[in-house]
Amino acid sequence: MTVQRGVALMMVLWVLAVLSTLLGALAATVQLQNRQAQWQVAHTRAMFAAEAGLSQAVMALQARDPKARWPADGVPHGLRFDEAQLSVSVYSERGKLDLNTASPQDVGRLLTFCGANPQALALSLEALTRQRLDPVPLRTLEEFRQMPGMSYALFRCMAPWITVWSGQAQPDPGFTPVPLAKALGLPVVRSPGADPGQMFTVVSQALLPNGDRATLQATLMLTSVKEGARPFRVLRWQE
């Protein structure tokens with residue numbers, strides 16, 4: 001009888017140990033899911049705030065009063081939306097280097113500026129030259145990312161300063177960002193009356209009081225303002 005009681009006690013202790021382990025694992029899983037849910041809620045709030053900044057930029061670019069329009073010079077605008085602090089910048093695509101129409105020398109200068117070694121430089125320019133023989137031009141920046149010689153770090157450096165939508169052989173000095181102007185040896189000439197065109201990249205960053213943040217970068221083509229019509233068409237969207 002004593003032996004049976006001892007075996008029963010061991011069985012009970014073993015079951016309790018297994019249940020404790022399962023409950024501990026369950027509690028850890030629930031805690032992790034709660035943290036993930038809280039992060040998702042905060043990130044969603046921050047992203048909605050960043051989208052609000054994008055909408056504000058579109059309204060400012062299409063303002064009827066020329067004095068109220070934002071210049072497409074990349075200077076950040078500080079805004080508030082709900083509890084979020086926003087920083088919104090606007091860049092004209094005319095101020096960027098068009099991969100379909102720019103000279104290979106200018107593309108090479110930007111590659112070198114971003115740290116491309118001689119081998120990567122040669123491979124990238126050769127691939128871009130072959131691409132230009134194709135009747136279909138580059139339609140997205142990501143197509144350039146996939147070319148030989150192009151690393152993630154190199155593309156990340158170039159991405160803010162390149163485009164496939166301007167159609168210009170050289171960036172417009174009136175809208176060229178300072179880093180790109182430095183890489184290409186172009187003057188930076190800001191003219192308040194210059195036409196920035198209809199295509200812009202808007203970078204909207206939102207910061208919540210608890211430190212959560214979100215960044216939205218969208219390239220847009222503005223359309224004519226008509227009642228009930230969307231004021232822009234999205235060409236590229238990154239969150």
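Above this text is the structure in question.
Residues numbered from 1 in each chain as written. Predicted model: local features only at pLDDT ≥ 70, side-chain atom pairs only at ≥ 80, totals over all residues. Heavy atoms only, no water.

1. What to know about the overall build of the protein
For step 1, the next point in the chain: Counting secondary structure elements, the protein contains six helices and seven strands.
For step 2, the next point in the chain: Secondary structure elements in the protein, listed N-terminal to C-terminal, are α-β-β-β-α-α-α-α-β-α-β-β-β.
For step 3, the next point in the chain: In the protein, which comprises 239 residues, the proportion classed as buried is 35%.
For step 4, the next point in the chain: Counting contacts in the protein only where the partners sit at least 6 residues apart, residues at least 24 apart contribute 57% of the total.
For step 5, the next point in the chain: Approximately 14,200 Å² of the protein is accessible, and the part contributed by carbon and sulfur atoms is 59%. (Helix = DSSP H or I, 4+ residues; strand = E, 2+ residues; numbered from the N terminus. Buried < 20%, exposed > 50% of the residue type's maximum accessible area, 1.4 Å probe, protein only. Contact = heavy atoms within 4.5 Å. Areas by Shrake-Rupley, 256 points an atom, 1.4 Å probe, with all protein chains shown as cover.)

2. Details of the sheet that holds strand E2 (residues 84–92)
For step 1, the next point in the chain: Read across the sheet, five strands follow the order E1-E2-E5-E6-E7 without closing on themselves; strand pairing throughout is antiparallel. The open sheet is flanked by strand E1 (77–81) and strand E7 (232–238), the only strands paired with a single partner. When the angles between neighbouring strand axes are averaged without regard to direction, this sheet yields 30 degrees.
For step 2, the next point in the chain: Looking at chain direction, E1 and E2 are connected through five bridges and run antiparallel. Directly across from His77, in E2, lies its bridge partner Val88. (Pairing = 2+ DSSP bridges. Axes fitted to C-alpha atoms, helices over the stretch in contact; angles between N-to-C directions.)

3. Remarks on the state of the cysteines
For step 1, the next point in the chain: Evaluated as defined, the whole model comprises one disulfide.
For step 2, the next point in the chain: Between the sulfur atoms of Cys114 and its disulfide partner Cys157 the distance amounts to 2.2 Å. Between Cys114 and Cys157 the disulfide shows an S-S torsion of about -75 degrees. By sign, it is left-handed. Linking Cys114 in the loop between helix H2 (104–113) and helix H3 (118–133) with Cys157 in helix H5 (residues 152–158), this pair joins segments that are 43 residues apart in sequence.
For step 3, the next point in the chain: When its relative accessible area of 15% is taken as the criterion, Cys114 is described as buried. (Disulfide = S-S within 2.5 Å.)

4. A word on the nonpolar core
For step 1, the next point in the chain: In terms of nonpolar packing, the biggest core is built from 30 residues, with Leu110, Phe144, Met158 and Ile162 touching the most fellow members.
For step 2, the next point in the chain: Breaking this core down by element, the ones donating at least two residues are H2, H3, helix H4 (141–145), H5 and helix H6 (178–184).
For step 3, the next point in the chain: Looking at this core element by element, the count peaks at four residues for H6.
For step 4, the next point in the chain: When residues no more than four places from it in sequence are discounted, the contact partners of Leu110 are Leu97, Met158, Trp161, Ile162, Leu180, Ala183 and Leu184.
For step 5, the next point in the chain: Within the second largest apolar cluster, 27 residues are counted, among which are Val58, Ala72, Leu216 and Leu220. (Core = buried A, V, L, I, M, F, W, Y, C linked by side-chain atoms within 4.5 Å.)

5. Quick notes on the environment of Leu216
For step 1, the next point in the chain: For Leu216, the position within the fold is in strand E6 (residues 213–222).
For step 2, the next point in the chain: It is 4.7 Å that separates the C-alpha atoms of Leu216 and Glu239, two residues lying 23 residues apart in sequence.
For step 3, the next point in the chain: For Leu216, the residues in contact, after removing those within four places along its chain, are Met47, Ala50, Glu51, Leu54, Val202, Val203, Ser204, Trp237, Gln238 and Glu239.

6. Quick notes on a nonpolar patch on the surface
For step 1, the next point in the chain: The grouping of Trp14, Val15, Val18 and Leu22 at the surface amounts to a nonpolar patch, some 390 Å² of accessible area in total.
For step 2, the next point in the chain: Topologically, Trp14 is positioned in helix H1 (residues 2–61). (Patch = residues over 30% accessible without salt bridge, like charges linked within 9 Å, V, L, I, M, F, W, Y side chains within 5 Å. Salt bridge = Lys/Arg side-chain N within 4 Å of Asp/Glu carboxyl O.)

7. Comments concerning unusual backbone geometry
For step 1, the next point in the chain: In this structure, Asp82 is a non-glycine residue whose phi angle is positive, near 55 degrees.
For step 2, the next point in the chain: Of note, Asp82 is situated in the loop between E1 and E2.
For step 3, the next point in the chain: Residue Asp82 is classed as exposed on the basis of its relative accessible area, which comes to 63%.

8. Digging into the layout of surface pockets
For step 1, the next point in the chain: Roughly 560 Å³ of internal volume is contained in the largest pocket.
For step 2, the next point in the chain: Along its surface, the largest pocket is lined by 25 residues, and Leu61, Arg69, Trp70, Ala194 and Pro196 are the ones closest to its centre.
For step 3, the next point in the chain: Split by residue class, the lining of the largest pocket holds 13 nonpolar, seven polar and five charged.
For step 4, the next point in the chain: Around the second largest pocket, the lining residues are Tyr152, Phe155, Arg156, Ala159, Pro160, Gln217, Arg236 and Gln238.
For step 5, the next point in the chain: Mapped onto the lining of the second largest pocket, the elements with two or more residues apiece are H5 and E7.
For step 6, the next point in the chain: Tallying contributions element by element places H5 first for the lining of the second largest pocket, with three residues.
For step 7, the next point in the chain: Considering only residue class, the lining of the second largest pocket consists of four nonpolar, two polar and two charged. (1 Å grid on protein atoms, 1.4 Å probe; cavity = no way out; pocket = protein on both sides within 12 Å on 5 of 7 lines; lining within 4 Å. Points joined across faces, edges and corners; volume = space filled by probe spheres on them. Nonpolar A, V, L, I, M, F, W, Y, C, P; charged D, E, K, R; others polar.)

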